[in-house]
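Here are the chains, one letter per residue:
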Amino acid sequence: MPEQVDFRFQISVNSPYITLIKYLSPKNKFLEFPRQNMITWALAAFWYPLACKWSGGFSDADLKLKARTAIYQLQQQIIYLAQAFGLENELGNQGMLGNSTQSDADLDPNFDVSTPKSVPTHLKSDGEQNLTSVMSLENDELLEEAFK
């Protein structure tokens, strides 16, 4: 078995984030996704490129790829939250759910210009995005690519 790294987090019961910590605790058996994935996605989507820059062990090109991947992951998380709370129209009108001036290559760090495709949308037949697929295996593969 690969070597494991233990990460523990404690927070004051008076913290405004105590609800978050309780939600992510092992006692909560009703999470939408595996706990470890939820924590890793959230941390990696924002902090991983900065941690890589801090470590000094990556080229500028690698750091930019990791930053693009993180931005893409953050965009997917915005879409998930907007759908979970019915904010698609409100955020879409503010341009937060898509930017028509951005191309697929700008949004997807693994975009292959030789093959026509778009940012994964996982549309249902009624046009709604499937919430669980927004953070699906495809996005895990993007995240895993960033960690190479």
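How each quantity is defined
Residues numbered from 1 in each chain as written. Predicted model: local features only at pLDDT ≥ 70, side-chain atom pairs only at ≥ 80, totals over all residues. Heavy atoms only, no water. Helix = DSSP H or I, 4+ residues; strand = E, 2+ residues; numbered from the N terminus. Buried < 20%, exposed > 50% of the residue type's maximum accessible area, 1.4 Å probe, protein only. Areas by Shrake-Rupley, 256 points an atom, 1.4 Å probe, with all protein chains shown as cover. Salt bridge = Lys/Arg side-chain N within 4 Å of Asp/Glu carboxyl O. Phe/Tyr/Trp six-rings, centres within 6.5 Å; stacked < 30°, edge-to-face > 60°.

Draft legend 1. The arrangement of the overall build of the protein chain in detail. The helix and strand tally for the protein chain stands at 7 helices and 0 strands. Counted from the first residue to the last, the protein chain has its helices and strands arranged as α-α-α-α-α-α-α. Looking at the 148 residues of the protein chain, the share that counts as buried comes to 28%. In the form shown here, the protein chain has an accessible surface area of approximately 10800 Å², with 58% of it arising from carbon and sulfur atoms.

Draft legend 2. Spotlight on the environment of K64. Within the element layout of this structure, K64 appears in helix α3 (residues 60-84). Here the alpha-carbon distance between K64 and P49, two residues 15 residues apart in the chain, equals 8.1 Å.

Draft legend 3. Up close: the pattern of salt bridges. Counted according to the given criterion, the structure contains 1 salt bridge. The shortest N-O distance in the salt bridge between R8 and D6 comes to 2.8 Å. Here R8 falls in the exposed class, since its relative accessible area comes to 70%.

Draft legend 4. Local environment of the packing of aromatic side chains. Applying the stated criterion across every chain yields a total of 3 aromatic pairs. Geometrically, the ring pair formed by F33 and W41 is edge-to-face, given 5.2 Å between the ring centres and 75° between the ring planes. When sorted by exposure, F33 lands in the same class as W41, which is buried. Among the aromatic residues, those joined into a cluster by ring pairs are F33, W41 and Y80.

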